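Residue-level structure breakdown
Chain by chain, the residues:
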Amino acid sequence: MRLTTHTSRRAAGALVASGALVLLAACGGGGSSSEDTGAAAKLGENEGQVSILAWPGYVEDGSNDPEVDWVSAFEKDTGCQVTSKTYGTSDEAFNLAKTGDYDVVVASGDLTARMVASKQAAEVNTDLIPNYAGVYDFLKDKEWNTFDGKNYGVPHGYGANLLMYNEDEVSPAPTSWSSVFDESSKYKGKVTAYDSPIYIADAALYLMNTQPDLGIKNPYALDDEQFAATVEVLKNQRANVGEYWSDYLKEISAFETGDTVIGTTWQVIANSVEKSKVKAFLPEEGSTGWSDTWMISSQAKNPNCSYAWLNYIESPEANAQATEYFGEAPNNPEACEFATDPTFCDTYKAGDEDFASKLWYWRTPVAECLDGRTDVECKDYSEWTKAWTEIKG
Amino acid sequence: MSVDTTRAAVPPSRGTAARRASSQLSARPRLRLSLLLAAPLTWLVLVYVVALAALLVSALWTVDSFTGEIDRSLTLDNLKEITTESLYRTVALRTVGVAALVTVVDVLVALPIAFYMAKVASKRAQRILVIAVLTPLWASYLVKAFAWRSVLSDGGIFQWAASPFGLDTPGYGLTAVVITQAYIWLPYVILPIFAGLERVPNSLVDAAGDLGASPWTSMRTIVLPLLVPAIIAGSIFSFSLTLGDYITVNIVGGANQMLGNLVYTNVGAANNLPLAAAIALIPIVIMIGYLTAVRRTGALENL
């Protein structure tokens with residue numbers, strides 16, 4: 001009996017210990033390796049594998065479409081076998097990244113700051129990435145990839161959230177975001193929207209254009225009054241939303257069956273809808289968008305292969321393939337020559353700094369207003385998250 | 001048993017050690033009992049009590065939304081939030097409503113099927129019917145939910161079959177959730193009712209008939225009262241399983257949220273584990289209330 005209680009106590013101890021480990025991992029407290037060591041100074045031998053956490057369409061090895069494959073060449077050149085996992089929202093990515101299972105994470109601007117603040121991202125030495133030299137200067141050292149003057153990643157590409165509609169069902173062709181906000185009742189039950197708190201910025205951008213007296217200068221910097229007005233717009237839209245989407249496959253199927261006829265999208269989704277006639281375009285108000293950054297996890301088990309991947313994906317050939325497939329502007333001018341579509345760079349206005357400056361890249365909303373106002377406090381991301389569950393009701 | 005192994009290391013033959021252990025045990029009934037109960041009790045305490053306690057405690061924590069770090073100081077903020085914010089009331093009521101509706105639909109569908117299986121069908125047909133009821137359980141839950149998604153979609157089979165009668169598909173929404181959940185949990189309701197009906201002696205129904213009761217009267221006054229415990233057992237399954245579901249809602253529920261979805265978004269998207277734990281307490285409280293009410297009726301004792 002003594003032995004039995006002993007073993008059971010040991011089992012209990014083991015359970016408590018593993019529970020504590022899980023909790024520790026969940027809190028992201030284990031990032032000691034990155035704290036003071038700084039970026040790697042030189043590279044060693046490749047480890048033979050690398051695991052990547054990415055948006056859908058960023059790491060394609062031909063398993064989705066045999067024609068679409070830029071991973072195999074990397075594996076052959078470097079000997080690093082790639083395993084990848086895709087995610088639907090930045091919040092999901094954040095939770096996955098904290099497990100420490102991924103060496104490389106591609107993060108949008110609403111995630112990078114959180115990755116760095118929670119010590120999940122390692123500082124990156126861009127000198128070890130030869131292809132970094134070719135990247136557009138206007139993408140380098142930005143507030144979403146550089147913190148305290150240190151680089152925490154390298155740019156991937158940038159693009160806009162588009163408005164997609166079913167050409168057979170929606171007429172006349174929409175030109176403005178109003179078709180999914182003020183006029184969404186026309187397609188009651190067939191409207192879709194992106195299921196993430198960051199979508200609140202889309203409504204804020206709409207109000208920025210339609211209600212200038214609210215004084216919204218940056219859709220990620222909303223004070224109490226502006227935020228309330230934005231939430232109101234979204235609550236009205238909710239009555240007409242059939243489904244929200246965060247899983248891109250769900251949006252593809254909803255557009256193909258006709259359950260959804262209009263809503264926000266990415267170019268890659270529009271490219272994948274086959275069974276119905278859809279069109280995706282940039283509405284006249286402009287749009288929110290993203291500028292993505294390849295980061296290396298502070299818990300990376302394969303840092304050398306991680307650097308190899310970063311260098312590979314920054315190369316004009318690979319970057320052209322990945323960004324053209326996803327439907328976004330590449331990170332360097334040379335990539336335009338490697339695109340299969342000669343008008344690729346014109347379509348996405350690659351290198352057009354003026355256009356790029358009009359896109360409102362995803363950022364993490366914080367209390368200290370991003371637009372520089374100091375007389376008011378802005379709603380931070382936790383309040384955005386809370387409001388989002390309330391909007392969905 | 002463990003005493004057995006320690007003693008077994010000593011040279012004397014196995015038989016003697018075992019015999020000695022058994023005589024030791026027969027002399028000490030308390031030791032015997034604690035050895036017998038140790039494994040199930042450890043399991044029960046670890047799996048149920050510790051898990052519930054962990055849930056309760058983590059509901060009192062908070063989380064830094066920017067870095068996602070958990071702050072372990074205890075506060076009632078989360079509990080206050082879920083009790084005062086109208087959002088949680090709305091969603092909780094919606095969830096209970098859907099669960100109740102699923103239960104009602106399931107019981108109404110299950111009663112005639114179970115009655116036919118238990119009282120009308122031949123032995124052979126009965127076996128075939130039991131297998132037929134169980135077969136859907138072999139398919140994955142996800143497959144069934146996605147099947148209903150395509151059935152109920154715009155231009156799907158439902159619309160095609162209903163259009164001659166001037167009806168249309170309900171589309172994705174709460175109706176679709178009720179249909180799908182009622183379908184998925186139906187076997188769990190049919191089986192207890194079937195078992196309960198088998199225990200109702202035919203002689204009672206015959207006697208009622210001999211005394212002049214119409215089939216409906218003997219059904220109402222004899223069979224149904226005897227069936228109440230079985231119906232309640234079935235309802236516990238369909239009610240509690242629907243109460244915690246979030247997958248079906250995600251697949252066919254359109255833009256609607258149920259309690260499970262709030263837990264899921266708080267864990268998966270918002271990274272707010274403490275708030276998710278607090279929300280998870282709502283269905284637990286509802287279930288405790290339901291079981292207490294059921295106990296009052298005395299149905300659990302007849303089970």
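The structure displayed is predicted, hence computed values, not measured ones.

Rules and cut-offs
- Residues numbered from 1 in each chain as written.
- Chains lettered and ligands numbered in written order.
- Predicted model: local features only at pLDDT ≥ 70, side-chain atom pairs only at ≥ 80, totals over all residues.
- Heavy atoms only, no water.
- Core = buried A, V, L, I, M, F, W, Y, C linked by side-chain atoms within 4.5 Å.
- Buried < 20%, exposed > 50% of the residue type's maximum accessible area, 1.4 Å probe, protein only.
- Helix = DSSP H or I, 4+ residues; strand = E, 2+ residues; numbered from the N terminus.
- Contact = heavy atoms within 4.5 Å.
- 1 Å grid on protein atoms, 1.4 Å probe; cavity = no way out; pocket = protein on both sides within 12 Å on 5 of 7 lines; lining within 4 Å.
- Points joined across faces, edges and corners; volume = space filled by probe spheres on them.
- Nonpolar A, V, L, I, M, F, W, Y, C, P; charged D, E, K, R; others polar.
- Domains from an automatic or database assignment.
- Buried area = accessible area lost by both parts, 1.4 Å probe.
- Salt bridge = Lys/Arg side-chain N within 4 Å of Asp/Glu carboxyl O.
- Polar contact = N/O pair within 3.5 Å; in protein donor to acceptor, adjacent residues only side chain to side chain.
- Expected span 1.5 Å × (residues − 1).
- Arc of directions from axis to C-beta.

Take the nonpolar core next. Residues and elements named next belong to chain A. Counting 117 residues, the largest nonpolar core has W266, W294 and W309 as its most contacted members. With 7 residues, helix α10 (residues 303-314) is the single largest residue contributor to this core. Filtering out sequence-adjacent residues up to four positions away, W309 remains in contact with I52, V59, W70, V71, F74, V82, V104 and W294.

Attention now moves to empty space enclosed by the protein. Residues and elements named next belong to chain A. Inspection of every chain in the model, using the stated rule, returns 3 cavities of 30 Å³ or more. Taken as a whole, the largest cavity holds about 50 Å³ of empty space. For the largest cavity, the full set of lining residues is W55, Y58, S108, W266, W290, D292, F326 and W362. A class-by-class count of the residues in the lining of the largest cavity yields 6 nonpolar, 1 polar and 1 charged.

As a further point, take the domain arrangement of chain B. A common way to express how large an interface is: the accessible area buried when the components associate. Residues and elements named next belong to chain B. The domain architecture assigned to chain B consists of domain 1 (2-58) and domain 2 (79-302). Its C-alpha centre places domain 1 at a distance of 40 Å from the equivalent point of domain 2. Taken residue by residue, the interface counts 4 residues in domain 1 and 5 residues in domain 2. Across the domain 1/domain 2 interface, buried area totals approximately 380 Å², and carbon plus sulfur atoms make up 83% of it.

The next thing to look at is the domain arrangement of chain A. All names here are of chain A. Domains assigned within chain A are domain 1 (40-158 + 290-352) and domain 2 (162-286 + 364-392). The distance between the C-alpha centroids of domain 1 and domain 2 comes to 27 Å. The contact between domain 1 and domain 2 buries some 1100 Å² in all, and 59% of this surface belongs to carbon and sulfur atoms. It is P56, D110 and F326 in domain 1 that bury the most area against domain 2; as a group they hold 34% of the surface buried on that side. At the boundary of domain 1 and domain 2, one finds 0 salt bridges. Connecting domain 1 to domain 2 are 4 residue pairs in polar contact (both at pLDDT 80 or more). Residue assignment for the side of domain 1 that touches domain 2 shows that the elements contributing at least two residues are α5 (109-117) and α11 (316-326). Per-element accounting of the side of domain 1 that touches domain 2 gives the leading share, 5 residues, to α5. Its residues assigned to classes, the side of domain 1 that touches domain 2 comprises 8 nonpolar, 4 polar and 3 charged.

This brings us to helix α7 (residues 224-238) of chain A. Residue and element names in this part refer to chain A. The end-to-end C-alpha separation of α7 is 21 Å, in line with the 21 Å expected for 15 residues at 1.5 Å each. Taken residue by residue, α7 has Q226, F227, T230, V231, V233, L234, Q237 and R238 as its buried positions. The arc that holds every buried residue of α7, seen down its axis, measures 155°, which confines them to one face. Turned more than 90 degrees away from the buried face of α7, the exposed residues are D224 and E225. Against β9 (191-194), α6 (200-210), β10 (241-245) and α15 (381-392) lie the buried residues of α7.

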